[in-house]
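The residues making up each chain are set out below.
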Amino acid sequence: MPSANADLETAWAFLEDGVDHIMTKLQTGVSYSKYMSLYTVAYNYCTSSKLPSSSSSVGVGTRSANLVGSDLYNKLIRYFVAHLKALREYAVTLQDVELLRYYAGEWDRYTTGANYINRLFTYLNRHWVKRERDEGRKTIYPVYTLALVQWKTNLFIPIQLQGAKLANAILRLIEAQRNGDTIDQGLVKKVVDSFISLGLDDNDTDKACLDVYKEHFELPFIEATERYYKNESESFLAQNSISDYLKKAEDRLKEEEDRVERYLNTQTRKTLISKCEHVLIREHSELMWESFQSLLDYDKDEDLHRMYSLLSRIPEGLEPLRKKFEEHVKKAGLAAVSKLAGGSSENPDVMDPKAYVDALLDVHQKNADTVNRSFRGEAGFVASLDKACREFVNRNAATGNSSTKSPELLAKHADLLLRKNNKLAEEGDLEGALNRVMILFKYIEDKDVFQTFYTTKLSKRLIHGVSASDEAEASMISKLKEACGFEYTNKLQRMFTDMSLSKDLTDQFKSRMEQNHDDMDISFSIMVLGTNFWPLNPPSHEFIIPSEILPTYDRFQKYYQQKHSGRKLTWLWNYSKNELRTNHTNQKYILMTSSYQTAVLLQYNRNDTLSLDDLVTATSIPKDLLAQVLALLVKAKVLVNEEEDQYDLNPGVYTCFKSKKIRVNLNLPIKAEMKAESTDVLKSVDEDRKYVIQATIVRIMKARKTMKNQALIQEVISQISQRFAPKIQDIKKAIDTLLEKEYIERVESTRDTFAYVA
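All of these numbers come straight from a predicted model, not from anything done at the bench.

1. Focus: the overall build of the protein chain
And then number 1: For the protein chain, the count of helices and strands is 29 helices and nine strands.
And then number 2: Relative to the compact-globule value of 27 Å for 758 residues, the protein chain shows a C-alpha radius of gyration of 48 Å, a clear excess of over 25%.
And then number 3: Considering only C-alpha atoms, the protein chain reaches an extent of 150 × 65 × 65 Å along its principal axes.
And then number 4: Counting over 758 residues, the protein chain shows a buried share of 45%.
And then number 5: The long-range fraction of contacts in the protein chain, counting pairs at least 24 apart against all pairs at least 6 apart in sequence, stands at 70%.
And then number 6: Within the structure as shown, the protein chain displays about 40000 Å² of accessible surface, and the carbon and sulfur contribution to it stands at 49%.
And then number 7: Measuring between centres, the 104 positive side-chain charges of the protein chain sit 3 Å from its 107 negative side-chain charges.

As structure tokens, then:
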């Protein structure tokens, strides 16, 4: 080992032997004493000029230290250059995998040795190198970085200058892997990692820099990838179906993601995947869009999901699919209703509500499943489904030009579900059926029509006591309230309150009658219903109350007036019902009848035969309505009509009234009443709409004070559209009405601006 004051040549001769051993024969080992000797010589040489001296020699000492550091640094450079020259001369004779293996092996040996040498020259790094860099000499590097710079300059660049020999060898391996061959991925990773390590930031040697990696590998790799997949996709599509291509493209994208994870820098992912998406998806998107309909028609869920996943990767890739899907759903819905209606909308009145609702729900359910399974419930496809459903639910072969038919049929279906003897109620799936009703309700445009029909049907269920259960009724009202708010269901909830109060009232009346009258031989119950909440109209004609029930009628009238003075009772005979016991038949029956049927039959307690005119006089029921009432009684064989307009109680031994049931329901709906109900509902809706539009205009004008005509119309549509689709003509009429009533006025010197009148 040289002395502490050894000159450069002596010191370097000793150091060079050790450096060379570390760089070329490290696998044979270096003893601790040898390593420490090398470290000491390097240290001694770097500090040899810093011996104690007078203050006047400090500057000289500093300059000497600079020269010592520089000399040693230059010796290291010359060693690396010579060492790498030998490696380069052999490397240029190699090709492909042999070149990569040699390069990777030597890189491992070189960088490991350089790490050891870097520690040998710690003092040089810490003082001389640091000072040089601090003074702005950025081409002076710590020893390990210096080794990398020399590798890049004397081995890497010369090999790359021979037709990018190194990078192309890697690219050929990657192509072989894409073609299905097995390659040494570890080897590729080592070489690629060396590209990354060779990137140096002159200002900060510890900072990662990808310049070399990007220039010498990433750029040609991306170009090669584009060429490869462009050729492959075009030739594959020429020989295979779009379904096969979707799977191929999906697999290729996964492979490239995996490739990044295995041996590329993570920053390459974005550029690589973006390029693959462009070549594999964007350039063939037109073909995918064209093939989408076929996949929908044949329910190819897996292929649809693949196409969705692929096209979702590119900008605007899904929009054409959403439009095609919307049209597909709309056509399916219209076709389902057309099939049900027999391809004709000439007589939509005969449409079965259940069949209609089921047909619409089947189309919705099938396509909702497709959205969830194949399109992951993506918001754009959900919106397309909703838009298509809204279209075919409101306008189809069954509705014709009417916007009220769908809400009417849906309300009738809900009525059937909520009635007693409904199979779904018995099977316990009523809640599910009501949820399905709400699916379609969401798409109904004229929700006020549904509300009015539903209210009318509910009133009938409550009056006749045919609700499946109070729980089911409450559940449906709760769903409607959640969908449309408190105001929408306020009347419905008040109807239930009236029913509860009526039950208490009946019990109180019976109790009073039992105390004051012992001749009450008629079982009697009453429903007192608020005029503002129940969609019930009193009869438009007089009605003579049969003498048999007149005493009970009078007693209740007096009792109610005493209890609630100032209230007026309007009797709804057209909704009332009775039970009569037969005395003229061998088998005693209980006949369940309407009040009109009761009034007719009780006449036969005093007469055997009566003409139509006699019955009109006795009951005050209009002749045309009475004829329908009598027709039902004749059909049931309670009365006989052997002579025109002459009705007798059936006396025949063999032809008299018979039934297997003791309780016989004669109270069947009359066609005229059924048709009138639908007409009355629609008339009521039209009236309500006028007031809703007027109230909305007043509310808007009160808030805005002044507003232009067009802006006012648009605001009205915006606020009301959740309830129904208002017609512009109706809004204009409402504006004219409010002008007449002086709620609003025209602003002077303008034609189309209105002001609120306080």
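2. Considering helix α29 (residues 728–740)
And then number 1: Relative to the 18 Å expected for 13 residues at 1.5 Å per residue, α29 spans 19 Å between its end C-alpha atoms, a close match to the ideal helical length.
And then number 2: After α29 finishes, the residue E742 shows a positive phi value of roughly 65°.

3. Some words on the sheet that holds strand β8 (residues 744–746)
And then number 1: An order of β7-β9-β8 is seen for the three strands of this open sheet, with the pairing classed as antiparallel. Each edge of the sheet is formed by a strand with only one pairing partner; in this case those strands are β7 (706–708) and β8. The sheet shows a mean angle of 30° between the axes of neighbouring strands, taken without regard to direction.
And then number 2: The sheet contact formed by β8 and strand β9 (residues 753–756) spans three bridges and is antiparallel. Along β9, the bridge assignment pairs I744 with Y756.
And then number 3: Sheet contacts for helix α28 (residues 709–720): β7 and β9; angle to β7, the most-contacted strand, approximately 95°.
And then number 4: Sitting on the sheet, α29 is in contact with β8 and β9, with an inclination near 95° to β8.

4. What to know about unusual backbone geometry
And then number 1: Phi angles above zero are rare outside glycine, and S620 is one such case at about 65°.
And then number 2: Mapped onto the elements, S620 comes out in the loop between α25 (612–619) and α26 (623–635).
And then number 3: The phi dihedral of E742 is positive, around 65°, even though this residue is not glycine.
And then number 4: Within the secondary structure, E742 is located in the loop between α29 and β8.
And then number 5: E742 sits in the exposed class, given a relative accessible area of 59%.

5. Quick look at the nonpolar core
And then number 1: One finds F121, W151 and F217 to be the most contacted residues of the largest nonpolar core, which totals 157 residues.
And then number 2: Every residue in contact with W151, bar those within four places of it in the chain, is listed here: L84, L87, Y103, E106, W107, Y110, F156 and L198.
And then number 3: Counting 39 residues, the second-largest nonpolar core is a separate cluster that includes W571, Y589, A599 and L626.

6. A closer look at the packing of aromatic side chains
And then number 1: Tallied over the full model, the rule gives 36 aromatic pairs.
And then number 2: Ring geometry for Y90 and Y102: centres 4.9 Å apart, planes at 65°, overall edge-to-face. Here the residue Y90 occupies a position in helix α3 (residues 58–91), and Y102 occupies one in helix α4 (residues 96–120), the gap between them amounting to 12 residues.
And then number 3: A relative accessible area of 19% means that Y102 is categorised as buried.
And then number 4: Sitting over the face of the ring of F441, K447 holds its NZ or CZ atom 5.3 Å from the ring centroid.

7. A look at the environment of K481
And then number 1: In this structure, K481 sits in helix α21 (residues 470–484).
And then number 2: Residue class for K481 comes out partly exposed when judged on its relative accessible area of 35%.
And then number 3: Look past the residues within four positions of K481 in its chain and what remains in contact with it is F486, T489 and Q493.

8. A short note on the state of the cysteines
Linking two cysteines covalently through their sulfur atoms gives a disulfide.
And then number 1: As enumerated under the stated definition, the model contains zero disulfides in all.
And then number 2: Cysteine C389 shares no disulfide, and the gap to the nearest cysteine sulfur, in C484, comes to 17 Å.

9. A word on the sheet that holds strand β2 (residues 590–594)
And then number 1: If you walk across this open sheet you meet the three strands as β1-β2-β6, and the pairing is mixed. Looking at strand neighbours, the two that pair on one side only are β1 (577–581) and β6 (663–665), the edges of this open sheet. Averaged over neighbouring strand pairs, the angle between their axes works out to 25° when direction is ignored.
And then number 2: The pairing of β1 with β2 spans five bridges and is antiparallel. The residue of β2 that forms the bridge with N578 is T593.
And then number 3: Packed onto the sheet, helix α24 (residues 595–602) meets β1 and β2 and runs at close to 120° relative to β2.

10. A look at the packing of helix α6 (residues 143–160) against helix α7 (residues 165–178)
And then number 1: One can describe the packing of α6 onto α7 by two numbers: an axis separation of 6 Å at closest approach and a directional angle of 65°. Along its contact with α6, which presents F156, I159 and Q160, the element α7 presents K165, L166 and A167.
And then number 2: Taken together, the residues that form the contact of α6 with α7 break down as four nonpolar, one polar and one charged.

11. As for the side chain of H541
And then number 1: Turning to its location among the elements, H541 is positioned in the loop between α22 (486–516) and α23 (550–563).
And then number 2: Polar contacts involving the side chain of H541 include one to the side chain of Y596, which spans 3.2 Å.
And then number 3: Residue contacts for H541: discarding those within four places in its chain leaves Y596, S620, I621, P622 and L625.

12. Observations regarding helix α13 (residues 301–311)
And then number 1: Burial within α13 is extensive, with eight of its 11 residues counted as buried.
And then number 2: Taken residue by residue, α13 has D303, L304, R306, M307, Y308, S309, L310 and L311 as its buried positions.
And then number 3: For α13, the elements touching its buried residues are α10 (242–263), α12 (285–297), α14 (319–340), α15 (353–374) and α16 (379–394).

13. Re the packing of α24 against α26
And then number 1: At a closest axis distance of 10 Å, the pairing of α24 and α26 adopts a crossing angle of 75°. Between α24 and α26, the interaxial angle falls into the category roughly perpendicular. Judged by residue contacts, Y596, Q597, V600 and L601 of α24 engage L625, L626, V629, L630, L632 and L633 from α26.
And then number 2: Tallied by class, residues from the contact of α24 with α26 come to nine nonpolar, one polar and no charged.

Rules used in this analysis
Residues numbered from 1 in each chain as written. Predicted model: local features only at pLDDT ≥ 70, side-chain atom pairs only at ≥ 80, totals over all residues. Heavy atoms only, no water. Helix = DSSP H or I, 4+ residues; strand = E, 2+ residues; numbered from the N terminus. Rg over C-alpha atoms; globule rule 2.2 N^0.38 Å. Buried < 20%, exposed > 50% of the residue type's maximum accessible area, 1.4 Å probe, protein only. Contact = heavy atoms within 4.5 Å. Areas by Shrake-Rupley, 256 points an atom, 1.4 Å probe, with all protein chains shown as cover. Lys, Arg positive; Asp, Glu negative; His and termini not counted. Charge placed at Lys NZ, Arg CZ, Asp CG, Glu CD. Expected span 1.5 Å × (residues − 1). Pairing = 2+ DSSP bridges. Axes fitted to C-alpha atoms, helices over the stretch in contact; angles between N-to-C directions. Core = buried A, V, L, I, M, F, W, Y, C linked by side-chain atoms within 4.5 Å. Phe/Tyr/Trp six-rings, centres within 6.5 Å; stacked < 30°, edge-to-face > 60°. Lys NZ or Arg CZ within 6 Å of the ring centre and 35° of its normal. Disulfide = S-S within 2.5 Å. Nonpolar A, V, L, I, M, F, W, Y, C, P; charged D, E, K, R; others polar. Polar contact = N/O pair within 3.5 Å; in protein donor to acceptor, adjacent residues only side chain to side chain. Parallel < 35°, antiparallel > 145°, perpendicular 65-115°, else oblique.

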